[in-house]
Amino acid sequence: MKRVVVAPGDGIGPEVIPPALDVLKFFHPDWEYTPVYLGYECWKRTGDALSDKTLETLRKADLILFGAITTPPDPKYHSVVLRIRKELDLYANLRPVFGEGFDILIVRENTEGLYSGIEWKEKDRACTLRVVSEAGSRRIAKFASACANRRRRHLTIGNKANVMKSDAYFLEICMEEAEKTGISIDKKYIDALVLDVLQHPSRYDVIVTTNIFGDILSDAAAFLEGGLGMLPSANIGRHQALFEPVHGSAPDITGKGIANPIAAIRCVSLLLKYVGERPLAIEVERAIQKTIAAGIKTPDLGGTATTDEVGREILKNLALSQ
Ligand code: ATP
Ligand code: MG
């Protein structure tokens, strides 16, 4: 039994999460599912984007399925996702990127680096502290090495150690941890790496890097796939994990019923892998492929199907494969 907390959030979140939840419940009808209300709409209505009570519910979850959150440019509003990552210490951000002839896993450090949140403004300059700690680097390095060890046993460490001491330290610790597992290791400067991943994606297996570099690299790598509506991500902590589509709340298409639910459904596939149910995860992936091949696609993929039609077809394909 797992405790799953479901946070649809804002915009298209409440449109793409129900079909994803249907897929999860198809395999696990007996797990405990708890919906929570959070995000910008929640902030507008209650003055609190993430209440203490909701945070407590999230803390008790084994698994969190997250839709999307609108982050308004209001300085009084603090990012809910960043706060959850910090509070639950979800230190590893995973983004799988795969397609014809390539299968890459980007592992991004999720808690420190340039997004440490330690920053201040002086009279004529603003500073952000780039914190790279031994503990923070070691745990992400261990995590990425373990992933590589289970996959094709190749780890690329994206870095800028030639320019920054903080990255030289990150690189050193990653090398130490990776060497313990005996996987093959490759160091690459992040700027050259972004280009090479786009030109030669088949050369890569697992890529580990610091927070902001991982953020940029994974968005760039989205170019290799079918667009934002297709990409899932996971945020992994010591005891729990949160799964969310890479896309945001997409206000331009909200309420039209045409949001692509595949990114959210792939989140369920990642979740199943996380709990050790890889065969089920593969079934979900197959059901998605079959649906696309049958031409049942939302407009972002060039089709005319609705969110619900895609969701129903994926469920039907899952049922057929049983
Ligand atoms: P946010 O501020 O919440 O990130 P955004 O305007 O940046 O919102 P995104 O969700 O990041 O919007 O997506 C950018 C564009 O990609 C959207 O305008 C939308 O048209 C498209 N898009 C994103 N997700 C999907 C999806 N699931 N299905 C179809 N189109 C999508
Ligand atoms: Mg966005």
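Residues numbered from 1 in each chain as written. Chains lettered and ligands numbered in written order. Predicted model: local features only at pLDDT ≥ 70, side-chain atom pairs only at ≥ 80, totals over all residues.

The name given to the protein in an unreviewed UniProt entry is NAD-dependent isocitrate dehydrogenase, and the organism recorded there is Methanospirillum stamsii.

Asker: For this particular structure, what's the right way to read the site of ligand 1?
Answerer: Near ligand 1 there are 20 residues, and of these Gly-229, His-247, Gly-248, Ser-249 and Asn-260 occur at the shortest range. Here the residues of the shell around ligand 1 sort into nine nonpolar, nine polar and two charged. (Near = placed C-beta within 6 Å. Nonpolar A, V, L, I, M, F, W, Y, C, P; charged D, E, K, R; others polar.)

Asker: When you look at the sheet that holds strand β10 (residues 206–209) in this model, what are you seeing that I'm missing?
Answerer: Whether parallel or antiparallel, the strands of a sheet pair through hydrogen bonds between backbone atoms. Strands sit in the order β2-β1-β3-β12-β11-β4-β5-β10-β8-β9 across an open sheet of ten strands; the sheet is mixed. Every interior strand has two partners, whereas the edge strands, β2 (32–35) and β9 (184–189), have only one. Between one strand axis and the next, the sheet turns through 20° on average, direction left out of account. With four bridges connecting them, strand β8 (residues 154–159) and β10 associate as parallel partners. Looking at the pairing, Leu-155 lines up with Val-206 of β10. Its contacts with the sheet place helix α1 (residues 13–27) against β1 (3–9), β3 (63–68) and β12 (241–245), and it is angled at close to 145° to β3. Against the sheet, helix α7 (residues 190–199) touches β8, β9 and β10, its axis set at about 110° to β9. (Pairing = 2+ DSSP bridges. Helix = DSSP H or I, 4+ residues; strand = E, 2+ residues; numbered from the N terminus. Axes fitted to C-alpha atoms, helices over the stretch in contact; angles between N-to-C directions. Contact = placed C-beta atoms within 7 Å.)

Asker: I keep staring at the UniProt feature "domain: Isopropylmalate dehydrogenase-like" (unreviewed entry) in the protein and nothing clicks. Help me out?
Answerer: Those residues carrying the UniProt feature "domain: Isopropylmalate dehydrogenase-like" (unreviewed entry) are residues 3–314 in this numbering. From the first C-alpha to the last, residues 3–314 spans 24 Å; its make-up is 42% helix and 21% strand. (UniProt positions renumbered as here; feature names shortened; annotations may be inferred.)

Asker: So what exactly am I meant to see when it comes to the pairing of β2 here?
Answerer: A regular strand carries its side chains on alternate faces of the sheet. Pairing analysis gives four bridges linking β1 to β2, with the strands arranged parallel. Paired with Val-6 across the two strands is Pro-35, which belongs to β2.

Asker: Whenever I open this one, the packing of helix α9 (residues 262–274) against helix α10 (residues 278–293) confuses me. Can you help?
Answerer: The packing of two helices is summarised by the inter-axis angle and the distance between the axes. Contact geometry of α9 with α10 gives a least axis separation of 7 Å together with a crossing angle of 160°. In this view, α9 runs roughly antiparallel relative to α10, as classed from their interaxial angle. Relative to α10, the crossing made by α9 is left-handed. Counted together, Ile-262, Ile-265, Val-268, Ser-269, Leu-272 and Lys-273 of α9 and Arg-278, Leu-280, Ala-281, Val-284, Glu-285 and Ile-288 of α10 form the full contact between these two elements. A class-by-class count of the residues in the contact of α9 with α10 yields eight nonpolar, one polar and three charged. (Parallel < 35°, antiparallel > 145°, perpendicular 65-115°, else oblique. Left-handed = near helix turned anticlockwise from the far one by under 90°.)

Asker: Would you mind showing me how to read α7 here?
Answerer: For an α-helix the count is 3.6 residues per turn, leaving residues at separations of three or four pointing the same way. Regarding α7, the residues found buried are Ile-190, Leu-193 and Val-197. End-on view of α7: buried residues confined to an arc of 45°, all on one side of the axis. Opposite the buried face of α7, at more than 90 degrees from it, the exposed residues are Asp-191, Ala-192, Leu-195 and Gln-199. Tucked inside the fold, the buried residues of α7 contact β8, β9, β10 and α8 (211–221). (Buried ≥ 20, exposed ≤ 12 C-beta atoms within 10 Å, placed from the backbone. Arc of directions from axis to C-beta.)

Asker: I would appreciate a short explanation of α8 in the present structure.
Answerer: All of the buried residues along α8 are Asn-211, Phe-213, Gly-214, Leu-217, Ser-218 and Ala-221. Along the axis of α8, the buried positions cluster into a sector of 155°, meaning they face one direction only.

Asker: Which parts of the structure should I look at to understand the environment of Asp-252?
Answerer: Relative to the helices and strands, Asp-252 is located in the loop between β12 and α9. Taking the number of C-beta atoms within 10 Å as the measure of exposure, Asp-252 has 8 and is therefore exposed. Taking the C-alpha atoms as reference, Asp-252 lies 8.9 Å from Gly-11; in sequence the two are 241 residues apart.

Asker: Got a minute to help me understand the packing of α1 against α9 in this structure?
Answerer: It is the contact of α1 with α9, at a shortest axis distance of 8 Å, that shows an interaxial angle of 35°. Two packed elements cross with a definite hand, and for α1 against α9 that hand is right-handed. Taken together, the residues of α9 that come into contact with α1 (itself represented by Val-16, Ile-17, Pro-19, Ala-20, Val-23 and Leu-24) are Ala-264, Ile-265, Cys-267, Val-268 and Leu-271. Within the contact of α1 with α9, the residues separate by chemical class into eleven nonpolar, no polar and no charged.

Asker: What am I meant to see in the environment of Val-163 here?
Answerer: Looking at the secondary structure, you find Val-163 in the loop between β8 and α6 (165–181). You can call Val-163 exposed: it has 11 C-beta atoms within 10 Å.

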